[in-house]
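Survey of secondary and tertiary structure
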Amino acid sequence: QVQLVESGGGLVQPGGSLRLSCAASGSVFSIYAMGWYRQAPGKERESVASITNGGSTNYADSVKGRFNISRDNAKNTVYLQMNSLKPEDTAVYYCNVVAVAGWSRYNNNYWGQGTQVTVSS
């Protein structure tokens, strides 16, 4: 079983930066992928960025060139560096991990509690 703890959200002005962190703990055997989703009021949850166990990354077009996803395998932690933030980036950001954990033989999806990011003057 995996528990995810997110941190780093907050209020920032347009053009500013924030760094989100998501630490996985519990009976983790292996993590195959980690990523970030976000959900703004009145909108569906959308994928923002992801990174696989092989190191390949993927970004939503709206954040490409501004956000960077990275990981620290020794700490089972994924980061999202957000630069040049815009008001439209305002949302609750959720960490997602695909992992084999506990007694399971297969990959399972795990979600963080969400952290609020607000970009406003």
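1. Thoughts on the side chain of asparagine 96
- On the secondary structure map, asparagine 96 appears in strand E9 (residues 91-101).
- Residue class for asparagine 96 comes out buried when judged on its relative accessible area of 8%.
- Side-chain polar atoms of asparagine 96 contact the side chain of asparagine 109, separated by 3.4 Å.
- Every residue in contact with asparagine 96, bar those within four places of it in the chain, is listed here: Ala33, Met34, Gly35, Tyr37, Asn109, Tyr110 and Trp111.

2. Details of the nonpolar core
- Membership of the largest hydrophobic core comes to 32 residues, with the highest contact counts inside it found for Trp36, Leu80, Met82 and Tyr93.
- The element that contributes the greatest number of residues to this core is E9, accounting for six residues.

3. Considerations on the pairing of strand E1 (residues 2-7)
- Every second residue of E1 is oriented toward a common face, the buried set being Val2, Leu4 and Glu6 and the non-buried set Gln3, Val5 and Ser7.
- Judged from the six bridges that link them, E1 and strand E3 (residues 18-26) form a sheet pairing that is antiparallel. Within E3, the position partnered with leucine 4 by the bridge is alanine 24.

4. A closer look at the environment of isoleucine 69
- Among the secondary structure elements, isoleucine 69 is positioned in strand E7 (residues 67-72).
- Since its relative accessible area comes to 4%, isoleucine 69 is described here as buried.
- Placed 11 residues apart in sequence, isoleucine 69 and asparagine 58 show a C-alpha to C-alpha distance of 8.7 Å.
- In this view, isoleucine 69 contacts Met34, Gly35, Trp36, Ala49, Ser50, Ile51, Thr57, Tyr59, Val78, Tyr79 and Leu80; residues no more than four positions away in its chain are not counted.

What counts, and where the lines are drawn
Residues numbered from 1 in each chain as written. Predicted model: local features only at pLDDT ≥ 70, side-chain atom pairs only at ≥ 80, totals over all residues. Heavy atoms only, no water. Helix = DSSP H or I, 4+ residues; strand = E, 2+ residues; numbered from the N terminus. Buried < 20%, exposed > 50% of the residue type's maximum accessible area, 1.4 Å probe, protein only. Polar contact = N/O pair within 3.5 Å; in protein donor to acceptor, adjacent residues only side chain to side chain. Contact = heavy atoms within 4.5 Å. Core = buried A, V, L, I, M, F, W, Y, C linked by side-chain atoms within 4.5 Å. Pairing = 2+ DSSP bridges.

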